[in-house]
Amino acid sequence: MTKGPFVAMTAATATLGTALGSLALQLRADGYEQYVESVATFSVLMYITAALVVVVWVRDGRPHAN
C-alpha cells in the first residue's frame, strides 16, 4: 500500500485535534465551561486516532509472514 492515504489521514486527524484543542481553550476563555470537557476529550481522541494510523502504517510496511 502506498504511504499517501496514511499521511493524509494522520495529517487530517492531527490537524483536527489541534483545531479542537484551540477551540477548547477559546471556549474556556469565553466562559463556556460546560462544553470544554467534551471538546477537549474529542481533541485527545483525534490525536489517539492519528497515532493509531501511524501504527497501522508502520505495521503495513513490515513484510507479511504466511
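For the structure, check the block above.
The structure displayed is predicted, hence computed values, not measured ones.

Criteria and cut-off values
- Here, residues in each chain are numbered from 1, in the same order as that chain's written sequence.
- This being a predicted model, a pLDDT of at least 70 is required before a residue's local features are given, and a value of 80 or more before pairs of side-chain atoms are given or counted; all residues contribute to the totals for chains, interfaces and linings.
- Heavy atoms from the whole structure form the basis of all side-chain values; hydrogens and water molecules are not counted.
- Counted as salt bridges are all cases of a side-chain nitrogen of Lys or Arg within 4 Å of a carboxyl oxygen of Asp or Glu.
- When a residue's accessible area, from a 1.4 Å probe over protein chains only, is under 20% of the maximum for its type it is buried; when over 50% it is exposed; and in between it is partly exposed.
- What makes a nonpolar core is a set of buried Ala, Val, Leu, Ile, Met, Phe, Trp, Tyr and Cys residues whose side-chain atoms join them at distances within 4.5 Å.
- Only DSSP runs of H or I reaching four residues or more are called helices, and only runs of E reaching two or more are called strands; each is numbered from the N terminus.
- A helix's residues, less one, multiplied by 1.5 Å, set its expected span.
- Contact criterion: two residues are considered in contact whenever any of their non-hydrogen atoms come within 4.5 Å of each other.
- Any pair of Phe, Tyr and Trp rings, taking the six-membered ring for Trp, is counted once the centres come within 6.5 Å. Such a pair is stacked with planes under 30 degrees apart, edge-to-face with planes over 60 apart, and tilted for the rest.

Peer 1: Is there a simple way to think about the pattern of salt bridges in this case?
Peer 2: Pairs can form between side chains of opposite charge whenever their charged atoms are close. Tallying each qualifying case throughout the model produces 1 salt bridge. Here Glu33 makes a salt bridge to Arg28, at a shortest N to O gap of 4.0 Å. Among the residues examined, Glu33 registers a relative accessible area of 46% and is labelled partly exposed.

Peer 1: Looking at this structure, I do not really get the nonpolar core. What am I missing?
Peer 2: Within soluble globular proteins, side chains that are nonpolar generally end up buried alongside one another. One finds Leu20, Ala24, Leu27, Val36, Val39 and Met46 forming the largest nonpolar core, which totals 6 residues. Breaking this core down by element, the ones donating at least two residues are α1 (4-30) and α2 (33-61).

Peer 1: Looking at this structure, I do not really get the environment of Gln26. What am I missing?
Peer 2: Mapping Gln26 onto the fold places it in helix α1. Residue Gln26 is classed as partly exposed on the basis of its relative accessible area of 44%. Separated by 10 residues in sequence, Gln26 and Val36 have C-alpha atoms that sit 8.9 Å apart.

Peer 1: What should I look at first to understand α1 in this one?
Peer 2: Note: α-helices contain 3.6 residues per turn, so residues at a spacing of three or four share the same orientation. If you check α1, its first and last C-alpha atoms are 39 Å apart, about what 27 residues at 1.5 Å a residue would give, namely 39 Å. What α1 keeps buried is the set Phe6, Thr10, Thr13, Gly17, Leu20, Ala24 and Leu27. Packed against the buried residues of α1 are α2. One or two steps after α1, the chain reaches Gly31, where phi turns positive at roughly 90°.

Peer 1: Can you walk me through the packing of aromatic side chains in this structure?
Peer 2: How two aromatic rings sit relative to each other is set out by the distance from centre to centre and by the angle between their planes. Taken as a whole and assessed by the stated rule, the structure comprises 2 aromatic pairs. An angle of 45° between the planes, with centres 6.3 Å apart, marks the rings of Tyr32 and Tyr35 as tilted. By relative accessible area, Tyr32 is classed as partly exposed at 42%.

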